[in-house]
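# Per-entry structural report
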Amino acid sequence: MSSQARRRRSFPFTSLRAPTPRRRGVRASSRKLARLRTSGAGFNRLSVLDGLRSIKELLKRVPNNKTDNGVALFVGGGLAELVFPPQPLKRPLYQCGKGFELEPLLAMLADDEPAIGVVVIDGQSAVFARASGPRGEGVKVLKTITTHNRGRCRRGGQSALRFDRIRDQVEAAFVCEAAEVASSLFGDGGDANEEVAGLILAGPANLKNLLGDSSALAKPLRSKVVARVETAQGGRTAIAEALRRGAKHLTAYLHAPESAILADFFSKLEQDDTSKLTYGIKETLAALEAHAVKKLLVSRTMAESTPLASCRHGPSGMASGVATQENGASRVAAQAATLAEFLLGPDGVAKSGAELVWIDVLTEDGVRFADGFGGLGGYLHWPFESFEEEEEKEEEEEEEECGYEAGDGAGAGAGA
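Source: prediction; values computed, not measured.

What counts, and at which threshold
- Residues numbered from 1 in each chain as written.
- Predicted model: local features only at pLDDT ≥ 70, side-chain atom pairs only at ≥ 80, totals over all residues.
- Heavy atoms only, no water.
- Axes fitted to C-alpha atoms, helices over the stretch in contact; angles between N-to-C directions.
- Helix = DSSP H or I, 4+ residues; strand = E, 2+ residues; numbered from the N terminus.
- Parallel < 35°, antiparallel > 145°, perpendicular 65-115°, else oblique.
- Left-handed = near helix turned anticlockwise from the far one by under 90°.
- Contact = heavy atoms within 4.5 Å.
- Nonpolar A, V, L, I, M, F, W, Y, C, P; charged D, E, K, R; others polar.
- 1 Å grid on protein atoms, 1.4 Å probe; cavity = no way out; pocket = protein on both sides within 12 Å on 5 of 7 lines; lining within 4 Å.
- Points joined across faces, edges and corners; volume = space filled by probe spheres on them.
- Salt bridge = Lys/Arg side-chain N within 4 Å of Asp/Glu carboxyl O.
- Buried < 20%, exposed > 50% of the residue type's maximum accessible area, 1.4 Å probe, protein only.
- Phe/Tyr/Trp six-rings, centres within 6.5 Å; stacked < 30°, edge-to-face > 60°.
- Lys NZ or Arg CZ within 6 Å of the ring centre and 35° of its normal.

### Let's talk about the packing of helix α9 (residues 256–270) against helix α15 (residues 364–372)
- Two elements in contact, α9 and α15, have axes separated by 10 Å at closest approach and are oriented at 55°. The orientation of α9 with respect to α15, classified from their angle, is oblique. Read as a crossing pair, α9 and α15 show a hand that is left-handed. Along the contact surface, α9 presents Ser 259, Leu 262, Phe 265, Phe 266 and Glu 270, while α15 presents Asp 365, Gly 366, Arg 368 and Phe 369.
- Grouping the constituent residues of the contact of α9 with α15 by class yields four nonpolar, two polar and three charged.

This is the structure we're talking about:
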């Protein structure tokens, strides 16, 4: 027997690879699988019912002391989360779909407050920070630069003047560097998240004045300097003190445009020049519906807290929010909407073409406008009187005529 034949008898398999096991065939059932019941919206009805049961279980664990702003529940896809919003929810919302509705919560987290730049500078360092809000609620330190400049001294003999001159040169170079950093951080297209609305310069020495007058500071940023505040110390610890001392100047600076509008509005009322002015929720909404409002003044606090259903002014149903709704769900949502949502909606200012001016209650004029004039007023294109005002005038005239005729009749009877 040859060697090749012996090799074949000792190795019966031609390949050394292990044999592949046979797969068992899957026998399809003749019975059709029962489909889950679905609604017309295209989502699983049983999944919705399971989600509602999960919501009931979550609501049982909600503490009573945390429901002032409402509750947001997200259930689906094996997820069940309970969220307490940072601001009050304006209206109820129930939605079933492929994703979660996060726009109301994201709008609360959006930073719509003006950004304020703060620079604290002294002889040793300069700190650049950004504060959000008119009162500096959120502070973020952006950058810190330091210098090694010596303090002034009376000694030195003949070299005293030379030492002072060198110190002034180092100080001027440091101020120039601080101005360039401030321009890059807070100027147009800077490295910060957004352009600042105002700038506060603070510090315990005269360097803040040199920084404000420096030619290295960008001209647009130089015009935004709100105040130059004196602080007891420098560094990061002086940022809170700078914001506290400059709060009054900052409020007046940020609300200067609306303060000027309110001053003109009040002066015209004092001079009895009210032919093209209106105020009050009922009267102003009637003029807005007639497209007679040129500039609309709205108190932000009042508009966000006033339900739209309580602002009815006539049979047209513009402010009631229920006349143009068809089903009950839309009617409830319209009644729960606020006046601010209506004014910002398609049927509000956008439809009438009026200019919207928000009035905050952080100033004395803003409080006077909100308390004394209903928080809603405006300038008119032409003198306007609503139908209700005309009817009231006609009723008053009729009452006066009736009273005059009754007086004449009584006089005639006494003469007889």
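Read on for the rest.
### Quick notes on empty space enclosed by the protein
- A full pass over the atoms with the stated rule returns one cavity of 30 Å³ or more.
- Looking at the largest cavity, the residues that line it are Gly 123, Thr 147, Asn 149, Arg 167, Val 170, Glu 171, Phe 174 and Leu 207.
- If one sorts the elements of the lining of the largest cavity by residue count, helix α4 (residues 160–186) sits on top with four residues.
- Counted by class, the lining of the largest cavity contains three nonpolar, three polar and two charged residues.

### What about the pattern of salt bridges?
- In this structure the tally under the stated criterion is eight salt bridges.
- For the salt bridge of Glu 57 with Lys 60, the shortest nitrogen-to-oxygen distance reads 3.7 Å. Taken together, the residues span about one helical turn, with Glu 57 and Lys 60 both in helix α2 (residues 45–60) at a distance of three residues.
- The class for Glu 57 is partly exposed, based on a relative accessible area of 45%.
- For Lys 60, a relative accessible area of 64% translates into the label exposed.
- Ionic pairing is found between Arg 167 and Glu 171, a salt bridge with its closest N-O pair at 3.2 Å. Of this pair, Arg 167 and Glu 171 both sit in helix α4, four residues apart, roughly one helical turn.
- Taking relative accessible area as the criterion, Arg 167 reaches 16% and is therefore assigned buried.

### Some remarks on the packing of aromatic side chains
- Within this structure, the stated rule accounts for eight aromatic pairs.
- Between Phe 265 and Phe 266, the ring centres sit 6.1 Å apart and the planes meet at 65°, which makes this aromatic pair edge-to-face.
- The exposure class of Phe 265 is buried, given its relative accessible area of 0%.
- The class for Phe 266 is buried, based on a relative accessible area of 4%.
- Over the ring of Phe 266 we find Arg 368, and its NZ or CZ is 4.1 Å from the ring centre.

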